[in-house]
Amino acid sequence: MIQTIKSDIRAVFERDPAVKSLLEILLCYPGIHAILLHRMAHFLYNKRGYLIARFISQINRLLTGIEIHPGAKIGKSFFIDHGMGIVIGETAEIGDNVTLYQGVTLGGTGKEKGKRHPTLKDNVVIGAGAKVLGPITIEDNVKIGAGSVVLDHVPNDSTVVGVPGRIVVRKGKRLNNVDLNHHELPDPVARQIEYLERKIEKLRFEIEDIKRGDHENEHKAL
Ligand SMILES: CC(C)(COP(=O)(O)OP(=O)(O)OC[C@H]1O[C@@H](n2cnc3c(N)ncnc32)[C@H](O)[C@@H]1OP(=O)(O)O)[C@@H](O)C(=O)NCCC(=O)NCCS
Ligand SMILES: CC(=O)OC[C@H](N)C(=O)O
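Bear in mind the structure is a predicted one, so any value in this text is a computation, not a measurement.

(A) Local environment of the sheet that holds strand E2 (residues 73-74). Read across the open sheet, the 4 strands follow the order E2-E5-E8-E11; overall the sheet is parallel. Every other strand in the sheet has two partners, leaving E2 and strand E11 (137-138) as the edge strands with one partner each. Where E2 and strand E5 (residues 93-94) come together, 2 bridges link them in parallel fashion. Among the inter-strand pairings, Lys73 is bridged to a residue of E5, identified as Glu93.

This is the structure in structure tokens:
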């Protein structure tokens, strides 16, 4: 736990050019206060202290303007810059070295039950005001532009912008404005594979939901 908290503090030094000192981080960074309180709430949630965990999460929201459900899983070296207006849902999963700016939502679409919030892999950056919705996976090294609304799985090393979110950079190459660059025409096979990957991911979550439901029913029957 201590090592994880140290990694959160290091992340501020690494990712915010505005920071001047450790004391400033401890006193003036709501993102740090929020992740400290979340790590405490998540510990209690895992021990089935659901009400106290939720209460801490609401105190956290009151103090920082950042609402993280205690069930959300968050990896090390997590950085929230500014923070106000962030909402992270119960079944969200966040890898290591992830950065969120103010106004980001990791939410549900309102259509799913069970796993209903996004999974972010490592080194993901999500710009101010972006909404990432549904049980989708955002793979490693993805950047999501400020103000985007992302509803689909995003493959690794991509930049997504706009509403709805579209991939504009993949592995360092721009994908838009390619009409006249014939050597860079969109690859229909790759697009189809990406589409199928997204569908498989969606089906996987649906199967997990069904299995979880069966498991709960078995328990009730016993
Ligand atoms: C998306 C972002 C991460 C840049 O990623 P990148 O991989 O370096 O992408 P580029 O800057 O090369 O931009 C790629 C294209 O997307 C466009 N673009 C970039 N950000 C965009 C956004 N938020 N919305 C819409 N289009 C955007 C660019 O204009 C460019 O278009 P073009 O190819 O037609 O010129 C960055 O623009 C961004 O939005 N960062 C968020 C930072 C933030 O929230 N800061 C708040 C601090 S308080
Ligand atoms: C307001 C803003 O751009 O914040 C990003 C970062 N804290 C910086 O100062 O660059």
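(B) Here's a closer look at the pairing of strand E14 (residues 158-161). Two elements, strand E12 (residues 143-144) and E14, share 2 bridges in a ladder whose sense is parallel. Counterpart to Lys143 in the pairing with E14 is Thr159. Pairing of E14 with strand E15 (residues 166-170) involves 4 bridges; the strand directions are antiparallel. Along E15, the bridge assignment pairs Ser158 with Arg170.

(C) View of helix H4 (residues 50-64). Here H4 contains 15 residues, and its C-alpha end-to-end distance of 21 Å stays within 8% of the 21 Å for a straight helix at 1.5 Å per residue. Where H4 is buried, its residues meet helix H3 (30-46) and strand E1 (67-68). A positive backbone phi angle near 75 degrees is found at Gly65, which sits one or two residues after H4.

(D) Broad picture of the sheet that holds strand E4 (residues 87-88). Pairing in this open sheet of 5 strands is parallel, and the strands run E1-E4-E7-E10-E13 from one edge to the other. Edge positions in the sheet fall to E1 and strand E13 (149-150), since each has one partner strand and no second.

(E) Fine view of the UniProt feature "domain: Serine acetyltransferase N-terminal" (unreviewed entry) in the protein. Sites flagged by UniProt as "domain: Serine acetyltransferase N-terminal" (unreviewed entry) map to residues 2-35. Secondary structure content for residues 2-35 is 79% helix and 0% strand, and the end C-alpha separation is 12 Å.

(F) Summary view of the site of ligand 2. Surrounding ligand 2, one finds Asp16, Pro17, Ala18, Asp81 and His82. At a separation of 2.7 Å, a nitrogen atom of ligand 2 approaches a polar side-chain atom of Asp81. One of the side-chain N or O atoms of His82 is found 2.8 Å from an oxygen atom in ligand 2. A total of 290 Å² of accessible area belongs to ligand 2 in isolation, and the protein chains cover 50% of it. A class-by-class count of the residues in the shell around ligand 2 yields 2 nonpolar, 1 polar and 2 charged.

(G) Layout of the site of ligand 1. The immediate surroundings of ligand 1 are formed by 14 residues, with Gly127, Ala128, Ala146, Thr159 and Arg174 found nearest. Ala128 has a polar backbone atom sitting 2.6 Å from an oxygen atom of ligand 1. The contact in question runs from an oxygen atom of ligand 1 to an N or O atom on the side chain of Arg174, over 2.4 Å. Partitioned by chemical class, the residues of the shell around ligand 1 number 5 nonpolar, 7 polar and 2 charged.

(H) Focus on the layout of surface pockets. Approximately 410 Å³ is the volume found for the second largest pocket. What lines the second largest pocket is a set of 19 residues, and nearest its centre among them are Glu112, Ile136, Leu151, Asp152 and Lys202. It is helix H5 (residues 188-221) that provides the largest number of residues to the lining of the second largest pocket, a total of 8 residues. Here the residues of the lining of the second largest pocket sort into 6 nonpolar, 3 polar and 10 charged.

So, how was this worked out
Within any chain, residue numbers begin from 1 and follow the written order of that chain's sequence. Chain labels run from A onward and ligand labels from 1 onward, assigned in the order the entries are written. It should be noted that, the model being predicted, local features are given only for residues of pLDDT at least 70 and side-chain atom pairs only at 80 or more, the latter also being counted only at that level, while totals for whole chains, interfaces and linings use all residues. To obtain the side-chain values, all non-hydrogen atoms of the structure were included, while hydrogens and water were left out. What makes two strands pair is DSSP finding at least two bridges between them. Under the DSSP-based scheme used, a helix requires at least four consecutive residues in state H or I and a strand at least two consecutive residues in state E, with every element numbered from the N terminus. In this scheme, a helix's expected span is set at 1.5 Å multiplied by one less than its residue total. In this description, contact between two residues means that some pair of their heavy atoms is separated by no more than 4.5 Å. UniProt positions are given in the numbering used here, feature names are shortened, and annotations may be inferred rather than shown by experiment. If even one non-hydrogen atom of a residue comes within 4 Å of a molecule or strand, that residue is called near it. The term polar contact refers here to a pair of N or O atoms within 3.5 Å; inside protein, the definition further demands a hydrogen-donor-capable atom paired with an acceptor-capable atom, and it admits residues adjacent in sequence only when both atoms are side-chain atoms. Surface accessibility follows the Shrake-Rupley procedure with a 1.4 Å probe radius. Residue values consider only the protein chains on display as shielding. Residue polarity follows a fixed list, in which Ala, Val, Leu, Ile, Met, Phe, Trp, Tyr, Cys and Pro are nonpolar, Asp, Glu, Lys and Arg are charged, and the others, Gly among them, are polar. Here a cavity denotes grid points, spaced 1 Å and computed from the protein atoms alone, that fit a 1.4 Å probe unable to get out, and a pocket denotes an open set having protein on both sides within 12 Å along at least 5 of 7 lines; residues with an atom within 4 Å of a point are the lining. Grid points are joined across faces, edges and corners, and a volume is the space filled by probe spheres set on the points.

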